[in-house]
Amino acid sequence: MDNEIRKHFRFNFWVNLLDGGFFGFAFGFASLSTVLPLYIATMSDSALLVGLVPAIHTVGWQLPQLFTAQKVQALNRFKPWVLFMTVHERIPFLFLSLIAWFSPLLGKSTALWLSFIALTWQGLGGGFTANAWQNMIGKIIPPEYRATFFGLQSAAANLLGSAGAAIAGLILERLVFPGNFALCFLLASMMMGLSFFFISLTREPPHTIEAPIPDSKAFWSEVRAILKQDKSFTWFLVGRIIFQFSMMAFAFYSVYAVQERGLGKFEAGIMTSVLFITQVIANPLLGWLADRWKRQPVLELGALAVVLSALLAWLAPSLTWFYLVMILTGIANTVFWAIGLAITLEFGPEAQRPTYVGLANTLIAPAAALSPLVGGWLADQFGYPATFAASAFLGLGALSVLHFFVRSPERERQTSVSATSG
């Protein structure tokens with residue numbers, strides 16, 4: 001099995017790198033940070049609804065993963081499930097394009113409801129794909145390359161995403177509503193099609209299912225046992241939940257800069273490109289550091305970046321400082337997603353990996369749902385600076401938990417080796 005995996009390693013590495021690249025290109029045209037929030041803002045002036053955009057995407061991606069874990073654990077190949085489910089995270093962009101184009105006829109209220117239905121469909125499509133996809137990557141990419149792979153894949157996504165965001169900024173600036181948003185979403189759906197082509201080329205050999213698959217009762221008993229007995233993993237989840245809450249301000253940086261600080265829409269697109277470019281650089285660099293050095297300090301660096309980005313957005317004397325805000329946001333996003341995925345795949349025995357992956361995502365989903373809503377409520381009641389201050393405070397909490405309580409699997413191994421050597 002290991003020989004078969006390594007035989008196709010280079011091919012799988014590149015086709016999945018291209019999958020991620022074009023997936024990111026798509027999200028450049030339909031950015032969760034700028035394009036989609038600005039689109040929703042054309043139909044509503046509620047910061048709460050704007051905050052729902054990243055919440056729906058993140059919760060949709062995270063929530064189903066534990067509930068699909070038992071099924072995924074029974075698969076001897078993950079690719080067929082991935083291909084079937086990922087269609088549902090790609091097609092909705094075509095529907096968003098049609099909704100945007102016909103929004104003047106539909107009316108703001110109807111178009112808003114339909115847009116959120118499409119966004120929910122897209123988010124859940126990603127969620128039903130995610131557990132099997134992570135396990136497929138964990139299977140076809142050797143452990144010593146996983147953080148590097150996730151980093152490079154994210155870098156490719158952000159490199160093409162930055163180009164998409166810049167083009168989207170020009171489209172939004174030069175075309176009139178609703179054609180500008182409709183074209184952005186259409187281009188996003190086309191890039192999703194190219195992404196699907198590359199992931200469909202993945203070569204995944206079947207594997208032997210080593211342990212019998214428990215029934216539902218036994219599965220949920222297993223879940224409870226993991227949370228009770230694996231203290232390191234449980235603290236990791238606590239740290240991730242606080243980390244997720246600390247990022248609640250990210251959805252409002254661009255809207256705040258445009259609506260209250262006078263940033264132009266084209267400049268907003270450039271600012272999003274800065275975010276993507278930062279992640280292009282940070283993802284492979286931090287992934288390489290995590291694989292070759294230690295993952296724990298990299299995890300803590302992400303929490304520190306949250307604190308600094310929120311403080312800077314709160315206290316920035318001019319719009320120029322928001323480019324640094326986006327740089328810090330990019331670092332935080334990189335750590336939370338790319339490094340977080342790599343560390344999650346290290347916990348627990350391989351036979352239980354789908355359950356660990358499901359727990360690491362589904363239990364964070366409530367925080368992902370509530371954090372932008374709390375941020376939007378704070379912004380509506382007290383102004384955007386209140387959201388930024390709350391994010392900075394929570395970022396400090398996440399940093400404290402990750403530093404003092406979380407012991408990642410690599411730290412446990414190092415401690416064990418040291419004790420054995422002594």
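What counts, and where the lines are drawn
Residues numbered from 1 in each chain as written. Predicted model: local features only at pLDDT ≥ 70, side-chain atom pairs only at ≥ 80, totals over all residues. Heavy atoms only, no water. Helix = DSSP H or I, 4+ residues; strand = E, 2+ residues; numbered from the N terminus. Polar contact = N/O pair within 3.5 Å; in protein donor to acceptor, adjacent residues only side chain to side chain. Contact = heavy atoms within 4.5 Å. Phe/Tyr/Trp six-rings, centres within 6.5 Å; stacked < 30°, edge-to-face > 60°. Buried < 20%, exposed > 50% of the residue type's maximum accessible area, 1.4 Å probe, protein only. Lys NZ or Arg CZ within 6 Å of the ring centre and 35° of its normal. Core = buried A, V, L, I, M, F, W, Y, C linked by side-chain atoms within 4.5 Å. Axes fitted to C-alpha atoms, helices over the stretch in contact; angles between N-to-C directions. Parallel < 35°, antiparallel > 145°, perpendicular 65-115°, else oblique. Nonpolar A, V, L, I, M, F, W, Y, C, P; charged D, E, K, R; others polar. pLDDT = per-residue confidence, 0-100. 1 Å grid on protein atoms, 1.4 Å probe; cavity = no way out; pocket = protein on both sides within 12 Å on 5 of 7 lines; lining within 4 Å. Points joined across faces, edges and corners; volume = space filled by probe spheres on them. Left-handed = near helix turned anticlockwise from the far one by under 90°. Expected span 1.5 Å × (residues − 1). Bend = angle between axes of the 7 residues up to and from the residue.

Here we look at the side chain of Ser-154
Part 1 of the reasoning: Mapping Ser-154 onto the fold places it in helix H10 (residues 146-174).
Part 2 of the reasoning: At 2.9 Å, the side chain of Ser-154 and the backbone oxygen of Phe-150 are in polar contact.
Part 3 of the reasoning: If sequence neighbours within four positions are ignored, Ser-154 has contacts with Asn-283 and Ala-338.

Observations concerning the packing of aromatic side chains
Part 1 of the reasoning: Per the counting criterion, the structure on display carries 32 aromatic pairs.
Part 2 of the reasoning: Taken together, a centroid distance of 5.9 Å and an interplanar angle of 70° make the contact between Phe-177 and Phe-181 edge-to-face.
Part 3 of the reasoning: In this structure Phe-177 comes out as partly exposed when scored by relative accessible area, which is 38%.
Part 4 of the reasoning: An aromatic cluster is defined as three or more aromatic residues linked by ring pairs; in this entry it consists of Phe-9, Phe-13, Trp-14, Trp-133, Tyr-145, Phe-149 and Phe-150.
Part 5 of the reasoning: If you follow Arg-203 out to its NZ or CZ, it ends over the ring of Phe-11, 3.7 Å from the centre.
Part 6 of the reasoning: One cation-aromatic arrangement involves Arg-240 over Phe-336; the distance from NZ or CZ to the ring centre is 4.1 Å.

Brief notes about unusual backbone geometry
Part 1 of the reasoning: Looking along the chain, the bond that leaves Phe-177 and enters Pro-178 is cis, with omega of 10°.
Part 2 of the reasoning: With respect to the helices and strands, Pro-178 occurs in the loop between H10 and helix H11 (179-199).

Side note on the nonpolar core
Part 1 of the reasoning: If you look at the biggest cluster of nonpolar residues, it comprises 89 residues, and the most contacted ones within it are Phe-150, Phe-233, Phe-243 and Tyr-253.
Part 2 of the reasoning: Residues within four places of Tyr-253 in sequence aside, it is in contact with Ser-309, Ala-310, Ala-313, Phe-322, Val-325, Met-326, Thr-329 and Phe-388.

Looking at the packing of helix H2 (residues 9-29) against H11
Part 1 of the reasoning: One way to put it is that H2 packs onto H11 with a least axis distance of 8 Å and a crossing angle of 170°. On the basis of their axis angle, the class for H2 and H11 is roughly antiparallel. From H2, Val-15, Asn-16, Leu-18, Asp-19, Phe-22, Phe-23, Phe-25, Ala-26, Phe-27 and Phe-29 reach across to H11, where they touch Cys-184, Leu-187, Ala-188, Met-191, Met-192, Leu-194, Ser-195, Phe-198 and Ile-199.
Part 2 of the reasoning: Of the residues belonging to the contact of H2 with H11, the class tally is 16 nonpolar, two polar and one charged.

A look at the confidence of the model for the protein
Part 1 of the reasoning: Confidence along the protein averages 86 in pLDDT terms, with 95% of residues attaining 70 or more.
Part 2 of the reasoning: In the predicted structure, residues 413-422 sits below a pLDDT of 50 and forms three contacts with residues beyond four places in sequence or in another chain.

Comments concerning empty space enclosed by the protein
Part 1 of the reasoning: In this structure the tally under the stated criterion is three cavities of 30 Å³ or more.
Part 2 of the reasoning: Of the volumes computed, that of the largest cavity is approximately 1200 Å³.
Part 3 of the reasoning: In this structure, the largest cavity is lined by 47 residues; those nearest its centre are Phe-23, Phe-27, Leu-32, His-57 and Trp-337.
Part 4 of the reasoning: For the lining of the largest cavity, the elements supplying multiple residues, two or more each, are H2, helix H4 (47-62), helix H6 (79-86), helix H9 (108-140), H10, helix H15 (265-292), helix H17 (321-344) and helix H19 (365-382).
Part 5 of the reasoning: Split by residue class, the lining of the largest cavity holds 25 nonpolar, 19 polar and three charged.

Concerning the side chain of Glu-89
Part 1 of the reasoning: Relative to the assigned elements, Glu-89 resides in the loop between H6 and helix H7 (92-101).
Part 2 of the reasoning: Discounting residues that sit within four places of it in the chain, Glu-89 has contacts with Phe-23, Gln-122, Gly-125, Gly-126, Thr-129 and Met-192.

Overview of the packing of helix H16 (residues 295-315) against helix H20 (residues 384-404)
Part 1 of the reasoning: Two elements in contact, H16 and H20, have axes separated by 8 Å at closest approach and are oriented at 165°. Comparing the axis directions of H16 and H20 gives the class roughly antiparallel. Judged by the sense of rotation from one axis to the other, the crossing of H16 with H20 is left-handed. Touching Gln-296, Leu-299, Glu-300, Ala-303, Leu-304, Val-306, Val-307, Ala-310, Leu-311, Ala-313 and Trp-314 of H16 are Pro-385, Phe-388, Ala-389, Ser-391, Ala-392, Gly-395, Leu-396, Ala-398, Leu-399, Leu-402 and His-403, all from H20.
Part 2 of the reasoning: Grouping the constituent residues of the contact of H16 with H20 by class yields 17 nonpolar, four polar and one charged.

Digging into H17
Part 1 of the reasoning: Spanning 24 residues, H17 covers 34 Å between terminal C-alpha atoms, matching the ideal 34 Å at 1.5 Å per step.
Part 2 of the reasoning: Of all the bends in H17, the largest measures some 25° and sits at Val-335.
Part 3 of the reasoning: H17 sits mainly inside the fold: 18 of its 24 residues count as buried.

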